[in-house]
Amino acid sequence: MHPFHTIIEPFRIKSVETWKFTTREERIAALVRARHNVFQIPAEDVLIDLLTDSGTGAMSSAQWGALINSDESYAGSRSFYRFERVVRDLTGFTHIIPTHQGRAAERILFHTILHPGMIVPNNSHFDTTRANIEVEDAEARDLVIPEGRQPSVVHPFKGNIDLAALEALLDRDGDRVPLVMVTVTNNSGGGQPVSLANLRGVRALCDRFGVPLFLDACRFAENAWFVKQREPGQAERSIPDIVREMASYADGMTMSAKKDPLGNIGGWLALDDDQLAERCRTMLILTEGFPTYGGLAGRDLEAVAQGLKEVVEEDYLRYRIRSTAYLGDALHRAGIPVVRPIGGHAVYLDARALLPHIPPLEYPGQSLAVALYEAGGIRGCEIGTVMFGLHPDGSEGPAPMDLVRLAIPRRTYTQSHIDYVVEVVRWVAERAKDLRGLRIVEAPPALRHFTARFSPLDDSGVRAGP
Ligand SMILES: Cc1ncc(COP(=O)(O)O)c(C=O)c1O
């Protein structure tokens, strides 16, 4: 190794996309048109888009090359077999069922195995996972360790599931639990990793109570990198080796290939149980497509197969995790409350701590997301009471945390872009006391954060403006 400490991007740029700069007045107008919901702002009006790391990364020249070589046959495409081989090598699962994205895998799995009244435990369900469980009249229960709910508490594996709580649930209500899920890394809880020891513990409980274990594995490579860095005895192992061990504890996985597999679209459901696989494939044919393409083009399957090779490279993962930490550490040093330690794919601002004068039901996270866009054209995503505060019975309460996630698209932004983000967040944080909450004026009954319409509140807590 050379003696230099700077972590540089392990690639050079071959193709660029120019963007439009907007003025603050233009952004205020865009916010009014979007009814203060950043999901409703046209991407062209966003300068640095940290809404999600899902499908927003840059593909490599090898991925683009693979697209040209793809096979678009309806049945038995060569691209499917390559995709299947790469996924199977990395995970060890018998049945690899391609889907157009992660939520399709979730829908197929949950619709196939859930009945009303069942309970699905997880460290933390992400929004679509929760919604796909609740739509079957089942309950999504979050059992992350207590440290995982406290933004400022530092713990190496804050995504771990609370094994005592899981055991108590299985002991009491095991007959209502058709599967246990573990999300790696834990997106809703700050992109925090799960240790191998914890997965082993979950597996032991699943064996004892005869319940299958599934991984929601979107950020499996980032999780494996954290295991390598932080878990005793893992430092010398290769990433694919750690990934295989993670998968070996599970009976299956759902995957959004828009994250670590470096695709712009794609996903899969993988599992070992032959009969369950058969039932899932029947559902797949109904809504996604034939089992050798599952809602994807051959070129998408190629891009993902190639992406899976690139994402487990150590130079890539070192840069990826270090560059996310670069943003988080700079904000932490500036005194801005962020979830710590810094997660893999995103930095999570603690809006509840930064805006203590805005109560959770006036959505501090939404207020901060709106302010970041207005100040500097940065789009982040509220992960808090807007996203998780509405319960299936129609009641509303504060989510465990009110965060704003600044998700970093893979291989897309450079260090100067991130320096700009630091400057804008600091500018907004210095004016935090001037921010006000919002009220929801219209929202659908589920997944309301995507389409809800908001109205800003003024100092006395009444609607201020359109
Ligand atoms: C942990 C987790 N699970 C599932 C999903 C759903 O994946 P997709 O957006 O591809 O449907 C996401 C997407 O953000 C996620 O972060």
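Up top is the structure these notes are about.
Cut-off values and rules
Residues numbered from 1 in each chain as written. Predicted model: local features only at pLDDT ≥ 70, side-chain atom pairs only at ≥ 80, totals over all residues. Heavy atoms only, no water. Near = heavy atom within 4 Å. Polar contact = N/O pair within 3.5 Å; in protein donor to acceptor, adjacent residues only side chain to side chain. Areas by Shrake-Rupley, 256 points an atom, 1.4 Å probe, with all protein chains shown as cover. Helix = DSSP H or I, 4+ residues; strand = E, 2+ residues; numbered from the N terminus. Nonpolar A, V, L, I, M, F, W, Y, C, P; charged D, E, K, R; others polar. Core = buried A, V, L, I, M, F, W, Y, C linked by side-chain atoms within 4.5 Å. Buried < 20%, exposed > 50% of the residue type's maximum accessible area, 1.4 Å probe, protein only. Contact = heavy atoms within 4.5 Å. Pairing = 2+ DSSP bridges. Axes fitted to C-alpha atoms, helices over the stretch in contact; angles between N-to-C directions. Phe/Tyr/Trp six-rings, centres within 6.5 Å; stacked < 30°, edge-to-face > 60°. Lys NZ or Arg CZ within 6 Å of the ring centre and 35° of its normal.

Student: Give me the site of the ligand: which residues, what numbers.
Tutor: The immediate surroundings of the ligand are formed by 16 residues, with Arg103, Asn187, Asp216, Ser256 and Lys259 found nearest. Glutamine 101 places a side-chain nitrogen or oxygen 3.0 Å from an oxygen atom of the ligand. In the model, an oxygen atom of the ligand is placed 2.7 Å from a nitrogen or oxygen of the asparagine 187 side chain. For the ligand, the protein covers 96% of the area, taking 390 Å² as the surface of the free molecule. When residues of the shell around the ligand are traced back to their parent elements, those giving at least two are helix 4 (102-113) and helix 5 (127-134). A per-element tally of the shell around the ligand places helix 4 first, with 3 residues. Its residues assigned to classes, the shell around the ligand comprises 2 nonpolar, 8 polar and 6 charged.

Student: Give me the lowdown on the nonpolar core, citing residues and values where you can.
Tutor: In terms of nonpolar packing, the biggest core is built from 58 residues, with Val180, Val182, Phe220, Met253 and Trp268 touching the most fellow members. The element contributing the most residues to this core is helix 8 (residues 220-230), with 6 residues. For valine 182, the residues in contact, after removing those within four places along its chain, are Asn122, Asn123, Ile161, Val194, Leu199, Val202, Leu213, Phe214, Leu215 and Asp216. Listed in part, the 34 residues of the second largest apolar core include Ile342, Val347, Tyr413 and Leu435.

Student: Any chance you could break down the sheet that holds strand 11 (residues 381-383) for me, citing the residues and the numbers?
Tutor: One open sheet holds the 3 strands; their spatial order is 9-12-11, and the pairing between them is antiparallel. The sheet terminates laterally at strand 9 (346-350) and strand 11, the two strands that pair on one side only. This sheet shows a mean twist of 35 degrees between the axes of neighbouring strands, independent of strand direction. Contacts from helix 14 (residues 364-376) reach strand 9, strand 11 and strand 12 (403-407) within the one sheet, and its direction differs from that of strand 12 by about 40 degrees.

Student: Describe the packing of aromatic side chains, and please don't skip the residues or the numbers.
Tutor: If you walk through the whole model with that rule in mind, you get 10 aromatic pairs. Ring geometry for phenylalanine 80 versus phenylalanine 83: centroids 6.3 Å apart, planes at 40 degrees, classification tilted. Of this pair, phenylalanine 80 and phenylalanine 83 both sit in helix 3 (residues 78-91), 3 residues apart, roughly one helical turn. Here phenylalanine 80 matches phenylalanine 83 in class, with each residue buried. An aromatic cluster of at least three residues, connected via ring pairs, comprises Phe80, Tyr81, Phe83 and Trp268. Residue placement shows arginine 431 over the ring face of tryptophan 427; its charged tip is 3.8 Å from the ring centre.

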